[in-house]
Amino acid sequence: MIEIIGVRFKANGKVYYFSPGDHQFQTGDLVVVETSKGTECGEVTIPNKTIQQAAVVQPLKQILRPVNKEDRKTLEQNRKKEIRAFHICEEKIAMRKLEMKLIEVECAFDNSKLLFYFTAENRVDFRDLVKDLAAIFRTRIELRQIGVRDKAKILGGIGICGREFCCKGFLCEFQPVSIKMAKEQGLSLNPAKISGCCGRLMCCLKNEEETYEYLNSKLPNVGDYVTMVVLPDGKVGKVVESNTLTGDLKVQVPDNDVPVKCNRSEVKLAKKNHPRSEESKATKSKEE
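Each chain carries its own residue numbering, running from 1 in the written order of its sequence. Local features in this predicted model are restricted to residues whose pLDDT is 70 or higher, and side-chain atom pairs enter the listing and the counts only when it is 80 or higher, whereas totals over whole chains, interfaces and linings include all residues. Computation of side-chain values covers all heavy atoms of the structure but excludes hydrogens and water.

## Some details on the environment of Asn207
Move 1: Each helix is a run of DSSP H or I of at least 4 residues and each strand a run of E of at least 2, with the numbering of both proceeding from the N terminus. Tracing the chain through its elements places Asn207 in helix H7 (residues 204-207).
Move 2: Through-space distance from the C-alpha of Asn207 to that of Thr27 is 25 Å; in sequence the pair is 180 residues apart.
Move 3: Setting aside chain neighbours within four positions, we find Asn207 in contact with Cys166, Phe170 and Leu171. Note on contacts: a residue pair qualifies if any of its non-hydrogen atoms lie within 4.5 Å across the two residues.

## With respect to the nonpolar core
Move 1: Joining through side-chain atoms within 4.5 Å is the link that ties buried Ala, Val, Leu, Ile, Met, Phe, Trp, Tyr and Cys residues into a set, and such a set is a nonpolar core. Working definition: with a 1.4 Å probe on protein chains only, accessible area under 20% of the residue-type maximum means buried, over 50% means exposed, and in between means partly exposed. Judged by nonpolar contacts, the single largest core of 19 residues is most densely connected at Met100, Leu114, Phe116, Leu129, Leu133 and Leu143.
Move 2: Contributions of two or more residues to this core are made by helix H1 (69-96), strand S6 (101-107), strand S7 (113-119), helix H2 (127-137) and strand S8 (140-145).
Move 3: When residues of this core are assigned to their parent elements, the largest contribution, four residues, is made by H1.
Move 4: Formed by nine residues, the second largest nonpolar core is a distinct cluster that contains Leu219, Val239, Leu249 and Val267.

## Things to note about the sheet that holds S6
Where strands meet in a sheet, backbone hydrogen bonds hold them as pairs that are either parallel or antiparallel.
Move 1: At least two DSSP bridges between two strands are needed for those strands to be called paired. Read from one edge to the other, the open sheet built from three strands follows the order S6-S7-S8, with strand pairing classed as mixed. The sheet terminates laterally at S6 and S8, the two strands that pair on one side only. With direction set aside, neighbouring strand axes in the sheet form an average angle of 20°.
Move 2: Sheet topology places S7 next to S8; six bridges connect them, and they run parallel. Looking at the pairing, Leu115 lines up with Glu142 of S8.
Move 3: Where helices are involved, their axes are fitted lines through C-alpha atoms of the stretch in contact, as for all axes, and angles between N-to-C directions lie from 0 to 180°. This element, helix H3 (residues 148-155), spans S6 and S7 of the sheet and lies at about 60° to S6.

## Examining the packing of H1 against H2
Each pair of packed helices gets described by two things: the angle between the helix axes and the distance between those axes.
Move 1: Put simply, H1 and H2 touch, their axes get as near as 10 Å, and they point 140° apart. In this view, H1 runs oblique relative to H2, as classed from their interaxial angle. When the axes of H1 and H2 are compared, the crossing they make is right-handed. For the pair formed by H1 and H2, the contact residues are Lys81, Arg84, Ala85, Ile88, Cys89, Lys92, Ile93, Met95 and Arg96 on the first element and Asp128, Leu129, Asp132, Leu133, Ile136 and Phe137 on the second. For classification purposes, angles smaller than 35 degrees are called roughly parallel, those larger than 145 roughly antiparallel, those between 65 and 115 roughly perpendicular, and all remaining angles oblique. Throughout, a crossing is termed right-handed when the near helix is turned clockwise from the far one, and left-handed when it is turned anticlockwise from it by less than a right angle.

## Some points on the state of the cysteines
Move 1: The term disulfide is used for any two cysteine sulfur atoms that are within 2.5 Å. Evaluation of the coordinates by the stated rule reveals zero disulfides.
Move 2: No disulfide involves Cys198; its nearest neighbouring cysteine sulfur is the one of Cys203, lying 6.5 Å away.
Move 3: Judged by its relative accessible area of 22%, Cys198 is partly exposed.

## Topic: the sheet that holds strand S3 (residues 30-35)
Move 1: Read from one edge to the other, the open sheet built from five strands follows the order S2-S1-S4-S3-S5, with strand pairing classed as antiparallel. Of all strands in the sheet, those bounded by a partner on one side alone are strand S2 (15-18) and strand S5 (65-66).
Move 2: Across four bridges, strand S1 (residues 2-8) lies against S2 in antiparallel orientation. Considered in S2, the bridge of Ile5 is made with Phe18.
Move 3: This element, H1, spans S3, strand S4 (38-51) and S5 of the sheet and lies at about 80° to S3.

## Here we look at the side chain of Arg8
Move 1: Tracing the chain through its elements places Arg8 in strand S1.
Move 2: Note that His is not counted, nor are the chain ends; the positive residues are Lys and Arg, and the negative ones are Asp and Glu. Within this document, salt bridges are pairs made up of a side-chain nitrogen of Lys or Arg and a carboxyl oxygen of Asp or Glu, the two lying within 4 Å of each other. Of the side chains bearing the opposite charge, Glu43 lies closest to the buried Arg8, which forms no salt bridge; the N-O distance is 6.6 Å.

## Focus on H2
Move 1: Residues of H2 that are buried: Leu129, Asp132, Leu133 and Phe137. Within H2, the buried residues cover an arc of 110° as seen down the axis, which keeps them to one side. Set apart from the buried face of H2 by more than 90 degrees, the exposed residues are Arg127 and Lys131.
Move 2: Looking at the buried residues of H2, the elements they touch are H1, S7 and S8. It is the directions from the helix axis to the C-beta atoms whose arc is reported.

What follows is the structure, given as structure tokens:
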């Protein structure tokens with residue numbers, strides 16, 4: 001077993017493990033640590049905790065110190081420098097008529113470099129822009145082109161659900177999202193309805209995938225003669241409509257033109273070797 005703390009360097013960014021040494025930390029405390037990128041200041045998201053050594057990438061680095069008054073002063077100066085750098089960079093972009101949009105500026109804690117994040121539809125030759133910025137700030141300059149999903153995570157906003165973007169609110173890392181997830185959840189495949197403000201498939205499709213897979217596994221297939229259901233009165237029919245979240249079903253029985261409404265808890269599956277199962281299988285093989 002080993003004692004660790006979890007530190008995050010960006011809002012809703014990835015959490016990294018560090019050794020707390022002899023210090024006791026609470027969630028929200030600021031610490032100064034040494035990383036592969038240099039000295040950085042991060043926020044404690046996981047207070048002192050003991051975990052298995054196998055869950056930690058060795059060697060585990062130790063924090064340099066809790067944030068002191070000088071460190072807080074440095075953070076404040078860096079924030080002011082970022083604001084100034086943002087405005088200057090926008091002016092230089094406009095002056096050189098570059099087809100790019102500046103999104104965010106990040107100043108390293110030790111002032112070793114300035115990072116400029118931007119979006120652009122095509123590749124941009126920003127070599128002259130880097131020279132302009134380096135001459136002004138006298139430090140290392142890095143420009144990084146990011147995608148629309150990263151842009152949404154940085155800027156934030158309100159989704160069609162009326163809540164803050166998932167990526168801005170709580171997602172630490174982006175997960176791959178596919179159209180299959182939308183089908184599984186019975187959503188319209190209209191791109192305008194299943195895409196977020198970034199223009200990509202909504203992250204919530206991935207968040208809810210596991211729940212829908214579980215609920216759908218409890219429901220009989222719609223319009224499938226192989227998985228017929230038995231109603232409480234003993235009649236056998238096929239499901240023509242289902243609601244994944246509520247479990248409500250509409251079952252078509254042979255002697256009734258109007259589907260019978262019921263819930264999945266009120267029915268049970270008929271035998272799989274139903275007389276029409278072979279017909280259903282034959283139809284399916286023809287379609288393939």
